[in-house]
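Coordinate inspection notes
Listed here are the chains, written in short residue letters.
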Amino acid sequence: MNESGLTRAEKFWAAAAVIPFLLSLALLGIAISRQTFLAFAIGWPIIQVIGYAGSFKRSGGQIDHPLVKTQVWLHWMMIAMLGLILMRVL
């Protein structure tokens, strides 16, 4: 990270990582209120924290490193799969 702040690419990847995490917390709230889908809803934020922390540590603190980008893509694919499952159920 430079003195002037984050670059445009770093801001993009940081925002792309935050969105699935916030969605997983929203899913956790919905799952707790309805008492369904709890195992996935509890596990997904935990997996994200562990995955992002590990990839960020191994990347040397670079947000736009390929390891961090892979974590972001994995969680966006999880959102897509979850959306497809919900569309099939509803």
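Before reading further, recall that the structure is shown in the block above.
Please read all numbers here as calculations on a predicted model, not as lab measurements.

**A closer look at helix H2 (residues 38-58)**
Taking 1.5 Å of rise per residue, 21 residues should cover 30 Å, and H2 covers 31 Å from first to last C-alpha, within 8% of that figure. Taken residue by residue, H2 has Ala-41, Trp-44, Pro-45, Gln-48, Gly-51, Tyr-52, Gly-54 and Ser-55 as its buried positions. Where H2 ends, the next residue or the one after it, Gly-60, has phi of about 75 degrees, a positive value.

**Quick notes on the nonpolar core**
Residues Leu-27, Leu-28, Ala-31, Ala-41, Trp-44, Ile-79 and Leu-82 constitute the largest nonpolar core, which totals seven residues. Of all the secondary structure elements, the ones that give two or more residues to this core are helix H1 (8-34), H2 and helix H3 (66-89). Per-element tally for this core: the top contributor is H1, with three residues. Other than its neighbours up to four places away in sequence, Trp-44 contacts Pro-20, Ser-24, Leu-27, His-75, Met-78, Ile-79 and Leu-82. Among the nonpolar cores identified, the runner-up in size contains six residues, and Trp-13, Ala-16, Tyr-52 and Val-72 belong to it.

**Some points on a nonpolar patch on the surface**
On the surface, a cluster of nonpolar side chains totalling about 400 Å² of accessible area is made up of Ile-19, Leu-23, Trp-73 and Trp-76. Mapped onto the nonpolar patch, the elements with two or more residues apiece are H1 and H3.

**Structural notes on H3**
Its 24 residues give H3 an end-to-end C-alpha distance of 34 Å, which sits within 8% of 34 Å, the value for a rise of 1.5 Å per residue. For H3, the full list of buried residues reads Val-68, Gln-71, Val-72, His-75, Ile-79 and Leu-82.

**Brief notes about unusual backbone geometry**
Here the phi dihedral of Gln-35 falls at roughly 60 degrees; this positive angle occurs in a residue that is not glycine. Positionally, Gln-35 belongs in the loop between H1 and H2. In this structure, Phe-37 is a non-glycine residue whose phi angle is positive, near 65 degrees. Take Phe-37: it is sitting in the loop between H1 and H2.

**Side note on the packing of H1 against H2**
Contact geometry for H1 and H2: axes closest at 8 Å, N-to-C directions at 155 degrees. Relative to H2, the element H1 is oriented roughly antiparallel. Along this stretch, H1 crosses H2, giving a crossing that reads as left-handed. Residues Ala-17, Pro-20, Phe-21, Ser-24, Leu-25, Leu-27, Leu-28, Ala-31 and Ile-32 of H1 form the contact with H2, whose own contacting residues are Leu-38, Phe-40, Ala-41, Ile-42, Trp-44, Pro-45, Gln-48, Val-49 and Tyr-52.

**As for the environment of Leu-23**
With respect to the helices, strands and loops of the structure, Leu-23 is situated in helix H1. The partly exposed category is assigned to Leu-23, whose relative accessible area is 40%. Distance from Leu-23 to Ile-50, taken between C-alpha atoms, is 17 Å for residues 27 residues apart in sequence.

Rules of the game
- Residues numbered from 1 in each chain as written.
- Predicted model: local features only at pLDDT ≥ 70, side-chain atom pairs only at ≥ 80, totals over all residues.
- Heavy atoms only, no water.
- Helix = DSSP H or I, 4+ residues; strand = E, 2+ residues; numbered from the N terminus.
- Expected span 1.5 Å × (residues − 1).
- Buried < 20%, exposed > 50% of the residue type's maximum accessible area, 1.4 Å probe, protein only.
- Core = buried A, V, L, I, M, F, W, Y, C linked by side-chain atoms within 4.5 Å.
- Contact = heavy atoms within 4.5 Å.
- Patch = residues over 30% accessible without salt bridge, like charges linked within 9 Å, V, L, I, M, F, W, Y side chains within 5 Å.
- Areas by Shrake-Rupley, 256 points an atom, 1.4 Å probe, with all protein chains shown as cover.
- Salt bridge = Lys/Arg side-chain N within 4 Å of Asp/Glu carboxyl O.
- Axes fitted to C-alpha atoms, helices over the stretch in contact; angles between N-to-C directions.
- Parallel < 35°, antiparallel > 145°, perpendicular 65-115°, else oblique.
- Left-handed = near helix turned anticlockwise from the far one by under 90°.

Geometry only, nothing functional implied.
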